[in-house]
Amino acid sequence: MTALPPFQALLDEHAADVMAVLRGAVGRTDADDCFQETFLAALRAYPKLSDDGNLRGWLLTIAHRKAIDHHRADGMRPLPVAEPEELAGTTAEPELDAGVWELVGALPPKQRAAVALRYACDLPHAEIAAALGCSPDAARRSLHEGIKRLRKELA
Amino acid sequence: MKKSLQQLANRAAEEGLLDVAYTTVDSPFGPLLVAATPQGLVKISFPATYDTDETLQGLAAQISPRVLEAPAELDDVRRQLDLYFEGKLHEFDLPLDWQLSKGFRRRALRAIDRIPYGKTRSYTEIARSAGNERAVRAAGTACGANPIPIVVPCHRVLRSGGALGGYGGGLPMKEALLELEGVLGGQR
């Protein structure tokens, strides 16, 4: 096992991406709170982290949980989520493009959340529905509308 | 983003999650990298010789990987170093964390820490204070390995004949510090 890098190195490399994803997932106003929660949770767990192969994936997994916590706190149904340690190294890395996430952040809330949970956090439709407290069909519709709108703006 | 990161460092410190705080402090010799744990000042790196990544990686491995840039945590260190370099502060009043030094080296560095401003000691005297008069070479090594130079004043340790000996920050820096403290009196 290689030694864990100083936590500051994670911030230097990934803080901007985590912030962009969270802006997409919960909107600009609440992104900072989720950002703080994400990195405090990461900092808490960090010394005991055994797999440092995919620190970026690990951070984005925590960010996804905090985004879901946020939606849940908004009165949504709870959703069981695995501990980040178990997912570290196995999470697919979303392709991040800060410009696109800026546009995602400008979508209406439901669409914005659906797009972020799907593409930043890699959640299946059923879990997006659970996180947003709507039916899977409604989640699929929000996602579809969101993507359609993004396509139009990117075209 | 800068504000978010600052807030994160503050909250990490409040919640006991900031094991090593670091920042850079300007000095007449160039920027110093300084680091502190909740126990106290643990590391000062010389301007000419340090590599930031390497130093931080070392702190992460030796102390804790919870290493964050947190200038606010080092305000007092910065203030006292500034005053010292201006010649306005003769005695640092800072809690120190000695964990990076062990055994004889730590004893030698604690002896060095007791040398008053503007005074010097020989490597032999330091070896004696650390409990082994014959370990002169080891006393020299302890100076060279001093993790908290300037504040723990290894620049006040000279050869028995009065020759400067060595210095991790380079001999011109050792000379300049001794001049600042009025030891060399500019006669060199």
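Residues numbered from 1 in each chain as written. Chains lettered and ligands numbered in written order. Predicted model: local features only at pLDDT ≥ 70, side-chain atom pairs only at ≥ 80, totals over all residues.

Peer 1: Talk me through the overall build of chain B; I want residue IDs and the actual numbers.
Peer 2: Each helix and strand counted, chain B has seven helices and six strands in total. Its helices and strands in sequence order give chain B the pattern α-β-β-β-α-β-α-α-β-α-α-β-α, from N to C terminus. Whereas a compact globule of 188 residues would reach a radius of gyration of roughly 16 Å, chain B reaches 17 Å, a difference of no more than 12%. Reported as C-alpha extents along the three principal axes, the dimensions of chain B are approximately 55 × 35 × 25 Å. (Helix = DSSP H or I, 4+ residues; strand = E, 2+ residues; numbered from the N terminus. Rg over C-alpha atoms; globule rule 2.2 N^0.38 Å.)

Peer 1: Quick rundown of the pairing of strand E2 (residues 32-37) of chain B? Include the residues and the values.
Peer 2: All names here are of chain B. Within E2, five of the six residues are buried, which leaves the element mostly enclosed by the surrounding structure. Looking at chain direction, strand E1 (residues 20-25) and E2 are connected through five bridges and run antiparallel. Across the sheet, Ala 21 pairs through a bridge with Ala 36, a residue of E2. If you look at the hairpin formed by E1 and E2, you'll find six residues sitting between the two strands, and Gly 30 has a positive phi there, around 115°. The sheet contact formed by E2 and strand E3 (residues 40-45) spans five bridges and is antiparallel. (Buried ≥ 20, exposed ≤ 12 C-beta atoms within 10 Å, placed from the backbone. Pairing = 2+ DSSP bridges.)

Peer 1: Could you give me a rundown of the interface of chain A and chain B, with the residues and numbers involved?
Peer 2: Taken together, the contact between chain A and chain B spans 19 residues of the former and 20 residues of the latter. If you tally residues by element for the side of chain A that touches chain B, the top one is helix H2 (residues 28-45) of chain A, at seven residues. Across the side of chain A that touches chain B, the residue classes break down as 15 nonpolar, two polar and two charged. (Contact = placed C-beta atoms within 7 Å. Nonpolar A, V, L, I, M, F, W, Y, C, P; charged D, E, K, R; others polar.)

Peer 1: Please set out the packing of helix H7 (residues 125-132) of chain A against helix H8 (residues 136-154) of chain A residue by residue, giving values where relevant.
Peer 2: All names here are of chain A. At a minimum axis distance of 8 Å, the contact between H7 and H8 shows a crossing angle of 95°. Between H7 and H8, the crossing angle belongs to the class labelled roughly perpendicular. Across the interface between the two elements, His 125, Ala 126, Ile 128, Ala 129 and Leu 132 from H7 touch Pro 136, Ala 138, Ala 139 and Arg 140 from H8. Here the contact of H7 with H8 is composed, by residue class, of seven nonpolar, one polar and one charged. (Axes fitted to C-alpha atoms, helices over the stretch in contact; angles between N-to-C directions. Parallel < 35°, antiparallel > 145°, perpendicular 65-115°, else oblique.)

Peer 1: Account for the environment of Ala 73 of chain A, naming residues and giving values.
Peer 2: Residues and elements named next belong to chain A. With respect to the helices and strands, Ala 73 occurs in helix H3 (residues 55-73). Judged by the 9 C-beta atoms lying within 10 Å of it, Ala 73 is exposed. Spatially, the C-alpha atom of Ala 73 lies 28 Å from that of Gly 99, the residues being 26 residues apart in sequence.

Peer 1: Requested: an account of H3 of chain A, with residues and values cited.
Peer 2: The end-to-end C-alpha separation of H3 of chain A is 27 Å, in line with the 27 Å expected for 19 residues at 1.5 Å each. The buried fraction of H3 of chain A amounts to 16 of the 19 residues, a majority that puts the element mostly inside the structure. (Expected span 1.5 Å × (residues − 1).)

Peer 1: Please set out the confidence of the model for chain B residue by residue, giving values where relevant.
Peer 2: Looking at chain B, the pLDDT average stands at 94 and 96% of residues meet or exceed 70. This prediction of the complex comes with two scores: 0.78 for pTM and 0.89 for ipTM. (pLDDT = per-residue confidence, 0-100.)

Peer 1: Before we move on, can you summarise the sheet that holds strand E4 (residues 67-69) of chain B with the specific residues and values?
Peer 2: Residue and element names in this part refer to chain B. Taken in spatial order, the four strands make up an open sheet running E3-E2-E1-E4, and their pairing is mixed. Edge strands, defined here as strands with exactly one partner in the open sheet, are E3 and E4. Mean inter-strand twist for the sheet, computed between neighbouring axes without regard to direction, equals 25°.

Peer 1: Explain helix H6 (residues 109-120) of chain A to me, using residue names and the numbers behind them.
Peer 2: Residues and elements named next belong to chain A. Relative to the 16 Å expected for twelve residues at 1.5 Å per residue, H6 spans 15 Å between its end C-alpha atoms, a close match to the ideal helical length. Listing the buried residues of H6 in full gives Gln 111, Arg 112, Ala 113, Ala 114, Val 115, Ala 116, Leu 117, Arg 118, Tyr 119 and Ala 120. Downstream of H6 by one or two residues, Asp 122 has phi in the positive range, about 65°.

Peer 1: Can you lay out the nonpolar core for me, pointing to particular residues and giving the numbers?
Peer 2: Core analysis: the largest hydrophobic core is formed by 89 residues, its most contacted members being Val 21, Leu 22 and Ala 116 of chain A. Per-element accounting of this core gives the leading share, ten residues, to helix H1 (residues 7-26) of chain A. Counting contributing residues, this core receives three or more from each of domain 1 (2-85) and domain 2 (103-180) of chain B. In this structure, Val 21 of chain A is in contact with Leu 60, Ala 63, Trp 101, Ala 116 and Ala 120 of chain A, ignoring residues within four places of it in sequence. (Core = buried A, V, L, I, M, F, W, Y, C linked by C-beta atoms within 7 Å. Domains from an automatic or database assignment.)

Peer 1: So what's going on with the packing of H6 of chain A against H8 of chain A? Which residues, and what values?
Peer 2: Residues and elements named next belong to chain A. Interhelical geometry of H6 versus H8 gives an angle of 90° and a closest axis separation of 8 Å. In terms of orientation, H6 lies roughly perpendicular with respect to H8. Two secondary-structure elements touch here, H6 through Lys 110, Gln 111, Arg 112, Ala 114, Val 115 and Arg 118 and H8 through Ala 139, Ser 142, Leu 143, Glu 145, Gly 146, Ile 147 and Arg 149. Tallied by class, residues from the contact of H6 with H8 come to five nonpolar, three polar and five charged.

Peer 1: Outline unusual backbone geometry, listing residues and values.
Peer 2: With the exception of glycine, most residues fall at negative phi, and the peptide bonds are largely trans. In the Ramachandran plot, Ile 150 of chain B falls in the positive-phi region, its phi being about 75° despite a non-glycine side chain. One can find Ile 150 of chain B in the loop between helix H6 (136-144) and strand E6 (157-158).

Peer 1: Can you explain the domain arrangement of chain B? Please cite residues and give values.
Peer 2: All names here are of chain B. Here the domain parsing of chain B yields domain 1 (2-85) and domain 2 (103-180). Here the C-alpha centre of domain 2 lies 24 Å away from the C-alpha centre of domain 1. Class assignment of the residues belonging to the side of domain 1 that touches domain 2 gives a composition of six nonpolar, one polar and one charged.

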